[in-house]
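Summary of structural features
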Amino acid sequence: MPPKRPKSGKGSSGSKRKSKDDDDPDDIFPMVLTSATQQLFGCRADEDVTGESPYKLLRKDDIVQDMKKRAAVSDFSPVKQTVLDYPEDEILLVFDRDFLYGQSFYLVLTPEAKERILHPPKPETAEAEVIENDAIKTPEPRQWISQGSEQEIENECVKETREKLCIKFSRVRRKFGAPVCFSDHNADFIECPSYKDSRFSIKQMQRDCGLQAVPTLQSSSAQTQRKVLRNIHTQYTPRELSDEDKENIHQSESLRNFLKTVTPRVLHALQQAEIMDEFTDDRKALSSAAKDDDSNEQVYEDLMLVRVLANRAYTKDKTIRCINWHPTIQGVIAVALTERRETQLNESTDLTVKQHFILFYSCKNSTTLLLLEGPDGIFAFDFSPSDPNIIVGGCANGQVVLWDISAYVTYLQGTQPGGKKSSVNTDTFASDDKDKKTPVVRFCAASSGESVQEAPITDVQWLPPTFEVTKTGEAVENKNKISVQFVTCSPCAIMFWDVRVSKQWSSWASGKKHTTAHSVSETFKHLGRWWKPLFKITPPMINTRRDYSPLKFSLEHYTCTDDNTAGTTDDPADGESSEVVPDYSQLRTRSAQTLKPLEDVNTRMYVGTQEGVVVYTDWKQDNKESGHLHNAKSLHHGVVNTVQRSPFYKDTILTIEDWNFAIWKEGVTDGPIFTSPTSETAYTAGCCSPSRSTDFFIGNEDGSIEVWDLLKKTKEPVQVYKHVIKARITCIKSWSATTSKHYYLAVSDDVAAVFVFRLPKSLYKKESLGLEKFFELEEDRLKDFQRRVAKMKKEADELRKKGETNKQIKTPEEQKEEEIEMKEYKEYLTLEENILKGLGLWQAPAEA
Amino acid sequence: MAEVEETLKRIQGQKGVQGIIIVNAEGIPIKTTMDNTSTVQYAGLLHQLVLKARSTVRDIDPQNDLTFMRVRSKKNEIMIAPDKDYFLIVIQNPSD
């Protein structure tokens, strides 16, 4: 901002000069001329100079003389100097008539102004016109009148307060030509940081501070050894008084008094009780008596699944055809594994050697105890009743194999100590190396490959040790008291086998010694490879030449009644006691003459066949007629898959086939005494209940188990355990645990898993009535039915016969009647035709 | 002594009586017609029961007291006659 200049006093003085400031302020000087002067100079007002001609030229010399003459009195004295300085000779004096400048006359001081006034420029006329034009178009420029704005302008102008400073910089010579860097730099204000003045210091005498107390927490734990004292057992004995004390008390008075007071009460109460029992509920007593035998509202609890046994390593893609409980060792189940899908030899491209096993499971800890290896898939097997270590199995290719697991019994018993100690027999397998690996027992005998049939063996059963069978099928006594024979059943035939060496073969077997495979038991080495059945039966069909294809059979278990005292004297060496394991190789078959024939052995058996026929046949081959067959009843529509005897009734047989089951009684040959209604799901397995004689368990295709109780309901199962197993049930076997008094069911399914169920208590109860009466009734009914059928048949035959004979007699009468009837019919037809024609609905009848 | 015997004979002669036990206040059997083990068992168990019953009755009404107790079960009936110093226990099978 330019510094403010003090206001010049010109402004104020400027206004005073207003009157003087005309166009030519320096050139005009107003003056007053006296009349004397006027006369002198000849410019008398209004005479010489008038308004029209106000101008008067005065000579300078005259003015000067005047001034000399009159010196101070002269009117021209104020302009004396100017007049003297006037360059020209003549000075203009102008009569100011109107007092424009304040006086009557004014003197023009400069010649230029004189000229201008006297001689206004000539082109006044043109200029006057232009001026006049301009005056018309543009306003005349007026004189600026100061309003005070010049001050503001002066204020705003920037004027130098001082002259410009010039500063010269130069550099060192040596830096001549070097680039220069000019930069801006702020004119810094000088800081003045504070610093601690060491001359003095202020001590802080007091300071505010706050405190917070934080509790120190520390977690730590300790463990004590202190045990809580607890009584495990207490034992106490009652206090008793010594005899002396008792005597004393007896003598005492107080006892007597006591008895005196108490006795009447007691007698009273006793009498009351004797008279009437006020707590009995008569109604309940009535119903409870009726309920004891037949509880209709029995609630069937679920089957309790105890174990699921499946060993994935061996059971993949396998199915179970047969399961058996071990007869002596508790809780051991053996299952026979076969391929689930029967692949034909042509199709199988699998070159790996397939192993076929029987697995032994332990119920207690679901482990696989033992494996029995067979040459082919095993369809059926059985434990020998006299020696459970001998197992016979029937294979898919028709071979019969034998195993001896005497060396491995410890495995089954679950008392297998570590490795080496157990087996004395050096034939033990590589199971010694690894304790955990399940030992594999190879079969020690197999039937000959030449006699093999195409059909697999579907059922095998040992004959009980009470009798044996000769070549002709006669039952004779069994001196050895061990089971040496078994029966196999295949769709081709039923065969009887003997484990002992027959006389014919002994020469062979001794001659041709073949080395058994390592670790195979040598019990049955004598059988060799030419082991053949004793004899065969093929139950023929009645009307055709074909034979039945037996699938399952059932023998009557014969228990020997006599002590067999007769005839035991010979061959004591062979007649081992049952405790010692018999040496089978030393056993010899005896000729039929030496043995006593047993008459009361039932040599008949029930056979279930593939055609759905249950055949009751005799295996004795005494008579060569085709009357082997006693009876065959076709009842079932499908394949008979189970034939089982009831453990309670010796003569009751249960046969199960795909869509129903039937109960047969031995001796009743007309048919089954009971057949179940056709079921919706296929029955695949079944067994009789071990606990109650009336119950049957039937397994379904969809994995459910039906419980049938014939006393309660005959049309449907009493209880259905739906879908206890996911897959198809292949086999059910029951077992009663003698130690725990439980009953177990082993159920095997199609995916080679075994389920062990415990029967609920509701199925334990033994009923008093039993099935005997039921069966008797059924028998009677059946007989009655048969009689009626026979009767009806007879009548039908008679009718037919009669009809034939009567035809000739009756015909003329009949003909007449027929003619009449025909006539009437024809009339009716014509009537119908007419009516319909009338209606227009007549349709020509079709040509007959 | 003879009186005691006589009384017991009378009670025993009733129909269906299976056994008699006389127990002192502490629960120790004094006289019995049954075998030792059952006697001891009955005495010990019933003694506690009687005390409980008596206390129950007296709690309800202090003026009251237990005079007789019959325990009826499925198979038999047990009758207990308490007193200040002794108990008499009789086991009877009424339907017998």
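Anyway, here's the lowdown on the structure attached to this text. (Residues numbered from 1 in each chain as written. Chains lettered and ligands numbered in written order. Predicted model: local features only at pLDDT ≥ 70, side-chain atom pairs only at ≥ 80, totals over all residues. Heavy atoms only, no water.)

**A look at the overall build of chain A**
The criterion, for reference: Comment: elements are numbered from the N terminus, with helices defined as DSSP H or I runs of at least four residues and strands as E runs of at least two. Residue burial is assigned from relative accessible area. The probe radius is 1.4 Å, only protein chains are included, and a residue is buried under 20% of its type maximum, exposed over 50%, and partly exposed in between. It only takes one pair of heavy atoms within 4.5 Å for two residues to be counted as in contact. Using a 1.4 Å probe, accessible areas were evaluated by the Shrake-Rupley method; residue-level cover was limited to the displayed protein chains.
Along chain A, the regular secondary structure elements total 14 helices and 35 strands. The 848 residues of chain A split such that 39% are buried. The contacts in chain A between residues at least 6 apart in sequence include a share of 62% that link residues at least 24 apart. Here chain A has roughly 54,500 Å² of accessible surface; of this, 51% comes from carbon and sulfur atoms.

**Concerning the pairing of strand 19 (residues 494-498) of chain A**
All names here are of chain A. Stated precisely, the cut-off is as follows: At least two bridges found by DSSP between two strands is the condition for calling them paired.
Extensive coverage of strand 19 is indicated by the burial of 5 of its 5 residues. Sheet topology note: the strand 18 (residues 485-489)/strand 19 ladder contains 5 bridges and is antiparallel. In the strand pairing of strand 19, Thr 488 is matched with Met 495. Where strand 19 and strand 20 (residues 535-537) come together, 3 bridges link them in antiparallel fashion. Looking across to strand 20, one finds that Phe 496 is bridged to Phe 535.

**As for the interface of chain A and chain B**
The line we're drawing: Buried area: the sum, over both parts, of the accessible surface (1.4 Å probe) that disappears when the two are put together.
Between chain A and chain B, the residue contacts involve 29 residues of the former and 34 residues of the latter. Looking only at chain A, the three residues that lose the most surface to chain B are A:His250, A:Phe258 and A:Leu270, adding up to 20% of its buried area. Among the elements of the structure, helix 8 (243-251) and helix 9 (253-275) of chain A are those that each provide at least two residues to the side of chain A that touches chain B. No other element matches helix 9 of chain A, which puts 17 residues into the side of chain A that touches chain B.

**Side note on a negative patch on the surface**
How we decide: The patches described consist of residues with a relative accessible area above 30% and no salt bridge, like charges being joined within 9 Å and nonpolar side chains (Val, Leu, Ile, Met, Phe, Trp, Tyr) within 5 Å. Any Lys or Arg side-chain nitrogen located within 4 Å of an Asp or Glu carboxyl oxygen qualifies as a salt bridge. Counting rule for charge: Lys and Arg are taken as positive, Asp and Glu as negative, and neither His nor the chain ends is counted. Working definition for charges: the position is that of NZ of Lys, CZ of Arg, CG of Asp or CD of Glu.
Taken together, the side chains of A:Glu817, A:Glu818, A:Glu819, A:Glu821, A:Glu824 and A:Glu827 define an acidic patch exposed on the protein surface. Tracing the backbone shows A:Glu817 in helix 14 (residues 771-839).

**Some remarks on the pattern of salt bridges**
Residue and element names in this part refer to chain A. Scanning all chains against the criterion turns up 12 salt bridges over all chains. Among the ionic pairs, Asp 784 bridges to Arg 788, the shortest N-O distance being 3.8 Å. With Asp 784 and Arg 788 both in helix 14 and 4 residues apart, this pair spans about one turn of that helix. With relative accessibility at 45%, the residue Arg 788 sits in the partly exposed group. The shortest N-O distance in the salt bridge between Asp 797 and Arg 800 comes to 2.6 Å. Taken together, the positions of Asp 797 and Arg 800, both in helix 14 and 3 residues apart, correspond to about one turn of that helix. By relative accessible area, Arg 800 is classed as exposed at 52%.

**With respect to a nonpolar patch on the surface**
Together, A:Met822, A:Tyr825, A:Tyr828 and A:Leu829 line one region of the surface with nonpolar side chains, adding up to about 420 Å² of accessible area. Mapped onto the secondary structure, A:Met822 falls in helix 14.

**Digging into the environment of A:Val707**
Tracing the backbone shows A:Val707 in strand 31 (residues 705-709). Once the C-alpha coordinates of A:Val707 and A:Phe697 are considered, the two residues, 10 residues apart in sequence, prove to be 4.8 Å apart.

**Some thoughts on the packing of aromatic side chains**
Residue and element names in this part refer to chain A. Our working rule: Stacked, tilted and edge-to-face are the three classes assigned to paired rings of Phe, Tyr and Trp, where Trp is represented by its six-membered ring and a pair needs centres within 6.5 Å; plane angles under 30 degrees give stacked, over 60 edge-to-face, the rest tilted. Charge-over-ring contacts are defined here by two conditions on Lys NZ or Arg CZ: a distance within 6 Å of the ring centre and an angle within 35 degrees of the ring normal.
Counting across every chain of the model gives 5 aromatic pairs over all chains. Each ring, one from Phe 360 and one from Phe 383, has its centre 6.0 Å from the other, and the planes form 80°; the classification is edge-to-face. In this pair, Phe 360 is assigned in strand 8 (residues 356-362) and Phe 383 in strand 10 (residues 378-383), connecting sequence segments 23 residues apart. Taken individually, Phe 360 and Phe 383 each receive the classification buried, so the pair is uniform in this respect. Arranged with centres 6.1 Å apart and planes meeting at 70°, the rings of Phe 381 and Phe 383 form a pair that is edge-to-face. You'll find Phe 381 and Phe 383 in the same group, each marked buried. In this structure, Arg 173 is placed above the aromatic ring of Phe 176, and the distance from its NZ or CZ to the ring centre is 4.9 Å.

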